[in-house]
Amino acid sequence: MALTLEGKKALQRARFWVFPLRFSVYTLLLSVAAGHFRRVVENPGLLHACAGLFVVMALERRAIAVDPHARNADQGSRQLLWAATFAPLLFAFIDQGRLHLSVAGPDLAPVLVVAGWILLALGQALRLWAMWALGPFFTDQVKLVEQHQLITRGPYRRLAHPAYSGLVLLATGLLLLPGSGVALAMLLLLLPWALHKR
């Protein structure tokens, strides 16, 4: 069933409010994990991680939808991928705010912030380039499309999965920002496993 013009406008208005609401919920969860919102505000690494999360969510919120008649073959891999990236970030906030198991020292923290932002920017740029190259075939879920074509332009000339490669880069960068080595190790174990399951 096709949406009317009014229905499409209502859907766009609803999507506009979903992003700030989701970001607020994630930030609240991360603040609770750190022990208190004040700990987040007082910690440059955690503030950078919140800013990085905001950038990623803002740029990725408009995933291009494929044909609505495409068969969904996702089998829960989207949620698994989300958990594999968000759980280590949540642990980084717990580590920074409460546990202090593997927090970077004052000499290393600025280097990690710069390296984190560089990786995050490179990863996000690669993902956006892959989205652009796929055009109407890009989706955040695995779907089977009848009229699918092999894409060989853009980053697909050199990489088989540039969107996933970009995700690994940006997630690693996001985890470098708070400076938790244990959280980064969690990500490097969980994310490849989740991508393999996808």
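Here we summarise the structure given alongside this text. (Residues numbered from 1 in each chain as written. Predicted model: local features only at pLDDT ≥ 70, side-chain atom pairs only at ≥ 80, totals over all residues. Heavy atoms only, no water.)

Turning to the overall build of the chain, a few remarks are in order. Each helix and strand in the chain was counted, giving seven helices and two strands. Order of helices (α) and strands (β) in the chain, N terminus to C terminus: α-α-α-β-α-α-β-α-α. For the chain, with 198 residues in total, the buried portion stands at 39%. Intrachain contacts of the chain at a sequence separation of at least 6 include 80% that bridge at least 24 residues. Just so you have it, the chain exposes about 11,900 Å², and 66% of that area is on carbon and sulfur atoms. (Helix = DSSP H or I, 4+ residues; strand = E, 2+ residues; numbered from the N terminus. Buried < 20%, exposed > 50% of the residue type's maximum accessible area, 1.4 Å probe, protein only. Contact = heavy atoms within 4.5 Å. Areas by Shrake-Rupley, 256 points an atom, 1.4 Å probe, with all protein chains shown as cover.)

Turning our eyes to something else, we now look at the packing of helix H3 (residues 44-60) against helix H4 (residues 77-99). Where H3 meets H4, the closest approach of the two axes is 11 Å, and the angle between their N-to-C directions is 160 degrees. The angle between H3 and H4 places the two elements in the roughly antiparallel class. You can see that H3 and H4 cross each other, and the crossing is left-handed. Residue-level inspection shows Leu 46, Ala 49, Cys 50 and Leu 53 of H3 in contact with H4, the latter providing Leu 89, Ala 92, Phe 93 and Gln 96. Across the contact of H3 with H4, the residue classes tally to seven nonpolar, one polar and no charged. (Axes fitted to C-alpha atoms, helices over the stretch in contact; angles between N-to-C directions. Parallel < 35°, antiparallel > 145°, perpendicular 65-115°, else oblique. Left-handed = near helix turned anticlockwise from the far one by under 90°. Nonpolar A, V, L, I, M, F, W, Y, C, P; charged D, E, K, R; others polar.)

Before going further, it helps to spend a moment on the environment of Gly 76. Within the secondary structure layout, Gly 76 lies in the loop between strand E1 (71-72) and H4. Overall, Gly 76 belongs to the partly exposed group, its relative accessible area being 36%. The spacing of Gly 76 and Lys 197 is 121 residues in sequence and 9.6 Å in space, taken between C-alpha atoms.

Note that an α-helix has 3.6 residues per turn; residues three or four places apart therefore point the same way. Helix length check: helix H7 (residues 181-197), at 17 residues, gives a terminal C-alpha distance of 25 Å against a target of 24 Å (1.5 Å per residue), a fit within 8%. Those residues of H7 lying buried are Ala 183, Leu 184, Leu 187, Leu 191, Ala 194 and Leu 195. Seen from one end, H7 has its buried residues packed into an arc of 105 degrees, which puts them on one side. Of the residues in H7, the exposed ones pointing more than 90 degrees away from the buried face are Leu 189, His 196 and Lys 197. Where H7 is buried, its residues contact H4 and helix H6 (162-176). (Expected span 1.5 Å × (residues − 1). Arc of directions from axis to C-beta.)

Going through the model one piece at a time under the given rule, you end up with three aromatic pairs. Where Tyr 26 meets Phe 86, the ring centres are 5.0 Å apart and the plane angle is 40 degrees; that geometry is what we call tilted. Highlighted residues: Tyr 26 in helix H1 (residues 5-34) and Phe 86 in helix H4, separated in sequence by 60 residues. By the burial criterion, Tyr 26 is buried, and Phe 86 matches it. Ring geometry for Trp 82 and Phe 86: centres 5.0 Å apart, planes at 15 degrees, overall stacked. Of the two residues, Trp 82 and Phe 86 are both situated in helix H4; the distance of four residues between them amounts to about one turn of the helix. Assessed through its relative accessible area of 40%, Trp 82 is described here as partly exposed. Among the aromatic side chains, those forming a connected cluster through ring pairs are Tyr 26, Trp 82 and Phe 86. (Phe/Tyr/Trp six-rings, centres within 6.5 Å; stacked < 30°, edge-to-face > 60°.)

From the geometry alone we can't say anything about function, so treat these as descriptive.
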